[in-house]
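Chain by chain, the residues:
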Amino acid sequence: MSADGTWKLTVKTPIGERKSTLTLQGADAAPKGRLVSEEGNATDIFDGKAAGDSLTWKAHITSPMPLTLEFTAKLAGDSMSGTVNASGMGSWPFSGTRA
């Protein structure tokens, strides 16, 4: 199942919901793309891997604090859900829909 496209993500963190837009390309094997926060901060994703309906990728962010986020997602059509591990700060659920 291809995850290519634009995704609207919502992460439920201890400081509230954080929304972002994820653009994925080549998601059938090694996803590449860009994550843009609702504030407009953007970063490229890296270490992307795909297997069946599962995806993983990482992103460095600087706001609200510098962190490396590690996403683990399951796809179901035009939806995805999973967890985000934030550099020892904890793990939080996220969900997304293809735009």
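Structural data are supplied above this passage.
Residues numbered from 1 in each chain as written. Predicted model: local features only at pLDDT ≥ 70, side-chain atom pairs only at ≥ 80, totals over all residues. Heavy atoms only, no water.

Scanning the protein from terminus to terminus reveals 0 helices and 8 strands. Going from the N terminus to the C terminus, the protein shows its helices and strands as β-β-β-β-β-β-β-β. If you line up the protein on its principal axes, its C-alpha atoms span 35 × 25 × 20 Å. Looking at the protein residue by residue over its 99 residues, the buried ones come to 33%. Considering only residue pairs separated by 6 or more positions, the protein has 27% of its internal contacts joining residues 24 or more positions apart. Summed over all atoms, the accessible surface of the protein reaches about 5300 Å², with 54% contributed by carbon and sulfur. Put simply, the protein has 10 plus and 10 minus side-chain charges, and the middle of one group is 2 Å from the middle of the other. (Helix = DSSP H or I, 4+ residues; strand = E, 2+ residues; numbered from the N terminus. Buried < 20%, exposed > 50% of the residue type's maximum accessible area, 1.4 Å probe, protein only. Contact = heavy atoms within 4.5 Å. Areas by Shrake-Rupley, 256 points an atom, 1.4 Å probe, with all protein chains shown as cover. Lys, Arg positive; Asp, Glu negative; His and termini not counted. Charge placed at Lys NZ, Arg CZ, Asp CG, Glu CD.)

By volume, the largest pocket amounts to about 470 Å³. Along its surface, the largest pocket is lined by 26 residues, and Arg18, Ile61, Ser63, Pro64 and Leu69 are the ones closest to its centre. Looking at the lining of the largest pocket, its residues break down into 14 nonpolar, 8 polar and 4 charged. (1 Å grid on protein atoms, 1.4 Å probe; cavity = no way out; pocket = protein on both sides within 12 Å on 5 of 7 lines; lining within 4 Å. Points joined across faces, edges and corners; volume = space filled by probe spheres on them. Nonpolar A, V, L, I, M, F, W, Y, C, P; charged D, E, K, R; others polar.)

With that out of the way, let us pick up the sheet that holds strand β6 (residues 67–76). Strand order in the closed barrel made by the 8 strands is β1-β2-β3-β4-β5-β6-β7-β8, with antiparallel pairing throughout. Along the sheet, successive strands turn relative to each other by an average axial angle of 30 degrees, direction set aside. For strand β3 (residues 32–37) and strand β4 (residues 42–51), the ladder comprises 3 bridges, and the chain directions are antiparallel. Considered in β4, the bridge of Leu35 is made with Thr43. (Pairing = 2+ DSSP bridges. Axes fitted to C-alpha atoms, helices over the stretch in contact; angles between N-to-C directions.)

Our next topic: the pattern of salt bridges. By the definition in use, this model includes 6 salt bridges. Residue Lys19 pairs with Glu17 through a salt bridge whose shortest N-O separation is 3.7 Å. When its relative accessible area of 39% is taken as the criterion, Lys19 is described as partly exposed. Here Lys74 and Asp53 are joined by a salt bridge, their closest N and O atoms 3.8 Å apart. With Lys74 in strand β6 and Asp53 in the loop between β4 and β5 (54–61), the pair connects residues that are 21 residues apart, well separated along the chain. The exposure class of Lys74 is partly exposed, given its relative accessible area of 45%. Asp53 sits in the partly exposed class, given a relative accessible area of 35%. (Salt bridge = Lys/Arg side-chain N within 4 Å of Asp/Glu carboxyl O.)

What follows concerns the nonpolar core. Of all hydrophobic cores here, the largest spans 22 residues; its most connected members are Leu9, Trp57, Phe71, Met80 and Phe94. Secondary structure elements with two or more residues in this core: β1 (5–13), β2 (16–25), β5, β6, β7 (79–86) and β8 (91–98). With 5 residues, the single largest contributor to this core is β6. (Core = buried A, V, L, I, M, F, W, Y, C linked by side-chain atoms within 4.5 Å.)

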